[in-house]
Amino acid sequence: MRIDVLTVFPEMFGPVLAAGIVGKAIRNSIADVRVHDLRDFTHDRHRSTDDSPFGGGPGMVMLPGPLFEAVRSLEAGLNAAIVALTPQGRPFGQRTAERLAGLEHVVLICGRYEGIDERVIEGLATEEISTGDYVVSGGEIPAMLIVDALVRLLPGALGHSDEALADDSHTSGLLQHPQYTRPADFEGFAVPEVLLSGNHAAIARWRRQEALRRTLERHPDMLAEAELSAEDIRILRALGWQPPTPVPEPQE
């Protein structure tokens, strides 16, 4: 998979692309991530990537010219996703990550200042994405987040831990159950006995119940789309869940 990032601050990406799962995937040629300085696609002596907004107002707006030229230089195919990172975009979530990770080419446009000229959104980008309802200085940190979310989904990126993907929060449709490691008792906080029992069936039941409990308490909206068995629904009802009408068809 190839990911191209367009930014006026390419120096921000070096440590992120060199470390951890992303760095290993790049070194192993599982992912090809390239960061481009948008100023390389300007033609004035100041290397301008922004200008004052038509109609007046504070701040600056990113120019369309450098962005169009930069994207065209990448020769993105018809199936490539050209993503503008903007506060007005659709929320980024695990399903979006899975969809983008299935593509051969993704281009991330990092917005800055007061925003991107709307003609880039209308005539160049295939979609707008927002990583959350908060304000940051630009699209660079959201782009790093998206790169990480996509790369870890690629086959082989997690090495021998690929099977852990199915158990991740959001990937599984629920939040993940609590995790523990040694020691079994730490400053009076003990690991649940069931996890020390060696009874794998009981452990699996406990983990499922705790995943359901956490999701209900912290992210109940996820339950509307989760694949729930008849036993899951029984557990949730015992925890006080009021199912929607109609109740989702149990997955036996």
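Residues numbered from 1 in each chain as written. Predicted model: local features only at pLDDT ≥ 70, side-chain atom pairs only at ≥ 80, totals over all residues. Heavy atoms only, no water.

### Some remarks on the environment of Y113
No. 1: Checked against the element boundaries, Y113 lands in the loop between β6 (105–110) and α5 (118–123).
No. 2: Through-space distance from the C-alpha of Y113 to that of R207 is 45 Å; in sequence the pair is 94 residues apart.
No. 3: When neighbours within four sequence positions are excluded, Y113 is seen to be in contact with V8, R39, T49, D50, M60, M62 and S137. (Helix = DSSP H or I, 4+ residues; strand = E, 2+ residues; numbered from the N terminus. Contact = heavy atoms within 4.5 Å.)

### Looking at the environment of A76
No. 1: Note that A76 resides in the loop between α3 (64–73) and β5 (81–91).
No. 2: In this structure, A76 is in contact with V71 and H105, ignoring residues within four places of it in sequence.

### What about the pattern of salt bridges?
No. 1: Overall, the coordinates contain 10 salt bridges when judged by the stated rule.
No. 2: Residues D40 and R47 are paired through a salt bridge, measuring 2.7 Å at the closest nitrogen-oxygen approach.
No. 3: By relative accessible area, D40 is classed as exposed at 52%.
No. 4: With a relative accessible area of 35%, R47 lands in the partly exposed category.
No. 5: Note that R119 and D117 form a salt bridge whose closest N and O atoms lie 2.7 Å from each other. (Salt bridge = Lys/Arg side-chain N within 4 Å of Asp/Glu carboxyl O. Buried < 20%, exposed > 50% of the residue type's maximum accessible area, 1.4 Å probe, protein only.)

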